[in-house]
Each structure stands twice: as C-alpha cells, then as structure tokens.
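Each chain, letter by letter, is given below.
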Amino acid sequence: MTATAAPSTSPAPSKPSWDKGLANTIAAETEMSFIDGAKGILEYVGIEIDSLARNSTFEETVFLLWNRRLPKRDELAAFEASLRAEYGLPSEMDDFIRAIPKTATPMHALRTMISALGTLDPEADDDSLEANQRKALKLVAKTPALIANFDRHRSGKPLAKPDASQNIAGSFLTMLTGQKPTDAMNRALDVCLILHADHGLNASTFAARVTIATLSDMYSAMTTAVGTLKGPLHGGANEEVMVMLNEIGSIDRVDAYIRAKLAKKDLVMGFGHRVYKTVDPRATYLKTFSKQVASDTGNMKLYELSHAIEQLMAAEVGPKGIWPNVDFYSATTYHSLGLKLDLFTPMFAMSRMSGWSGHCIEQLRDNRLIRPMASYVGPHGVAYVLMASR
Ligand code: ACO
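Attention here is on the structure that accompanies the text. (Residues numbered from 1 in each chain as written. Predicted model: local features only at pLDDT ≥ 70, side-chain atom pairs only at ≥ 80, totals over all residues. Heavy atoms only, no water.)

## Quick look at the packing of aromatic side chains
Line of reasoning, step 1. All told, the structure shown has seven aromatic pairs when counted by the stated rule.
Line of reasoning, step 2. Seen in terms of ring centroids, Phe63 and Phe79 are 5.6 Å apart; in terms of plane orientation they differ by 80°. Their pairing is edge-to-face. Here the residue Phe63 occupies a position in helix α2 (residues 58–67), and Phe79 occupies one in helix α3 (residues 73–84), the gap between them amounting to 16 residues.
Line of reasoning, step 3. Look at Phe63 and you get buried, because its relative accessible area is 6%.
Line of reasoning, step 4. Ring geometry for Tyr285 and Phe289: centres 5.9 Å apart, planes at 25°, overall stacked. (Phe/Tyr/Trp six-rings, centres within 6.5 Å; stacked < 30°, edge-to-face > 60°. Helix = DSSP H or I, 4+ residues; strand = E, 2+ residues; numbered from the N terminus. Buried < 20%, exposed > 50% of the residue type's maximum accessible area, 1.4 Å probe, protein only.)

## Some details on the pairing of strand β2 (residues 41–44)
Line of reasoning, step 1. Burial along β2 is one-sided: the residues Leu42 and Tyr44 are buried and none of Ile41 and Glu43 is.
Line of reasoning, step 2. The sheet contact formed by strand β1 (residues 33–36) and β2 spans four bridges and is antiparallel. For Ser33, the partnering residue across the bridge sits in β2 and is Tyr44.
Line of reasoning, step 3. The loop that links β1 with its antiparallel partner β2 comprises four residues; one of these, Gly40, has a positive phi angle of about 75°.
Line of reasoning, step 4. By the bridge criterion, two bridges tie β2 to strand β3 (residues 47–48) in an arrangement that is antiparallel. Each residue of the ladder has a partner; that of Tyr44, found in β3, is Ile47. (Pairing = 2+ DSSP bridges.)

## Some remarks on helix α5 (residues 106–120)
Because an α-helix completes one turn every 3.6 residues, residues spaced three or four positions apart along the sequence face the same direction.
Line of reasoning, step 1. Relative to the 21 Å expected for 15 residues at 1.5 Å per residue, α5 spans 21 Å between its end C-alpha atoms, a close match to the ideal helical length.
Line of reasoning, step 2. Those residues of α5 that fall on the buried side of the exposure criterion are Pro106, Met107, Ala109, Leu110, Met113, Ile114, Ala116, Leu117 and Gly118.
Line of reasoning, step 3. Elements in contact with the buried residues of α5: α4 (92–99), α6 (129–154), α10 (218–229) and α16 (344–365). (Expected span 1.5 Å × (residues − 1). Contact = heavy atoms within 4.5 Å.)

On their own, these measurements won't tell you what the molecule is for.
This is the structure in structure tokens:
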C-alpha cells in the first residue's frame, strides 16, 4: 500500500502543551456555573450561590441550571410535577436492587444502578435533545429512590416507594427513614442539594462530558460521573472528613492530629481545591448552616470540633491557599441530619446529577470528541524478542 501524502490544505497542527492535571486548560464552555477561585465566588447562571441557598429550592435551582433563568410560579409548579411523575423506579429495578450484595458500598451500588436504569429505558440511545432532556429529568427524579432503596435493601428492610406529594429532599428522607422529615430537616437537605448541583468543569462533570462527547448516551455518561465522583480527592472527601472527625474524637486532640498529618505531608480531607485558593463559598454558607443544624440536633460538639480544625488549618496552611471546601462542613451537616457516613457521597451525586446531565446537553449542542494527547516517555526502536528467546 502506498502512503498518501496529507492534503496540502490541512491546517498546521498547533504545538501541544503539557498541563498536568489539566489545571490550566479550558476544555468546555458552560452557561450554568461561574467560579472565581481567587475571590471565592460561585454563581449559577449569574446568581450568587449564597442567594440561592437562602431563597431557592433544589427544584427551582435545577430549572435555573437547565433553562438559564428562574421559573415563573406556574412554570415551577409544572416542572416540579414533571419531576414527581418520574420519582418511581421501573418495577424491574426492585429485583436488580435486591441482587446487589448487601456488603457493597452505596457508591458502587449507585454506579451500578444508574447503569442498570439505562438498560430499562427504551430511549437510552436516542440522542435527540428532547430525549436527552427527558432522560435528565428521569435521572434527577429517580436517583433518590435508588439510593434510599439500596440502603433499605442492605439494612434488611422492604423497598419503599417515593412520595410524590413531597419535594425531592422530603421524598428521599421519607424513603430512607420510613418517616416524613421535619420541615427543618427537609430544608437542610434541600440546601445541601442546591449547593452541590453544579460546579464548572469539576472532575466528574469533565468525565461525563468526555463520555457524552463520544456520542455514547446519557446513562453511560452518568455512570462515568458517579464513578469519578466516588474518589476521595473529589466527592468521596465528605466521607473521609467524617472518618477524620471520628478519629480525632475531641477538641483536645485536634492540635496533635492535624500537626502530625501536615508534618507527614498527608492530606487533611475537606481542605484545598483546584480552583478556590480562598474559602469555597459553599463552605462559607455551610459553616453557618451546619452550626444551626448541629445546634438543633444536639451535635454542637461535632461542629466545634470542625471549627477547631478549620482554625488550626487556617493558621498553618491558609497562606498556601488551602481552605475548607464544600465537603468539610457538609460532613457535619449530613451527620447532624442522621445520615450514615457512606451515604454522604451519594447525596452529592443525587444533587450533581442535575449539573452532569445539564453539561451533557451543553456538550452535545456544539460537540467535538474530547481527546487530549499523552506525552510518550517510553523507549523506541525496541526489537521484538521471540518467546523462546526471552
Ligand atoms: N491538606 C494538606 N495539604 C494540602 C491539601 C490538604 N487537603 N490540599 C493541598 N495540599 C497541599 C499539597 O500537598 C501541595 O503541597 P506542596 O506544594 O507542598 O506539594 C499543595 O497544597 C498544592 O496541592 P495540589 O495537590 O497541587 O492541589 P491540587 O489542585 O492538585 O488538588 C485537591 C486539589 C485534590 C482538592 C487537594 O487539595 C486535596 O486532595 N484535598 C483533599 C481532598 C478533598 O477535600 N477533596 C475535595 C475537593 S472539593 C470537591 O471535589 C467537591
């Protein structure tokens, strides 16, 4: 075969640059969230996160992210109704959930259940905008039932149906505990869901966009995203924070524990961020909020322990730009709400499903395969050695 010369019209390839961790690479455009890491600003569609946490609901926030504007009253009611109509799981999922080993961790289970949902949706491979919007809605609406029912299954309880008379937070907590939550508990979870809904091109969102950019499908992209969120450098950090708080146990042990970690150059979970070099604005809000929730639920010792860690870290590594991130005070909040430690990251996924799916739809609007390069650092010209001679 003769090699064909590249057509002379091909643009000259630009010189690629090496950017470890893609820290200085812009790989997507988004209209959903804006982050200023130096000033500690996060906005959804231009609205400051603090204002949304104070005034909005998770459902309204999802409408905002997906439609780039706040809904009018009747639009919000219609949107909430469409979500509630999709809360239920396909009946086949019951057997599927029961087939997952009770010893599996909830994030492994969630990744597997999201993937299984894709096998049950006849529209799974329809990549039209309308079908993808319907899938996004289903994924946000059904994820709470997946998480709650896996927890019920592993606890030996019968599976529960969602409660379409409640918002997502209320229906989830009711399935999980068997009791309707108080308004304060409902609001606490709702606020956490608002704060976690979207965050630029974070690792799991990037992973979702890479998957959808191959023209795979929404369920595959969400499965990828859940797997990526699970890692302790990303969403899994909130569980690690709780492990650390349990290990420290009391305020008098904070100093020795944290100093020993820093001396060994170990990570203190819930601190540091790729983009924020000041306090994560979600952490600022959650700090005040978690204090209130902790006080209401008799968990002030835990809040005070977290606060003592924050103060020591501010003095020791604040000048290096290492400050609390969203995971730090979300651990205290979730614990105060009575949630099991290994459900903290699934809570994050439950909310971020809205951002992930919104990003996938954005990606497909002006799609190009996402395919960076690797710098080969191995040998060249190595002779193949026959098996007998090795
Ligand atoms: N504790 C102690 N030191 C830290 C921490 C931390 N949590 N985070 C960063 N540092 C130090 C690093 O050791 C490094 O020190 P050096 O310059 O002396 O080598 C310096 O700060 C820069 O850190 P990088 O690892 O280069 O920062 P990067 O941007 O790659 O990582 C990350 C960001 C992964 C979030 C990191 O800060 C971390 O691992 N934090 C703990 C895990 C965590 O809380 N993750 C949740 C992030 S928020 C989210 O995903 C929702």
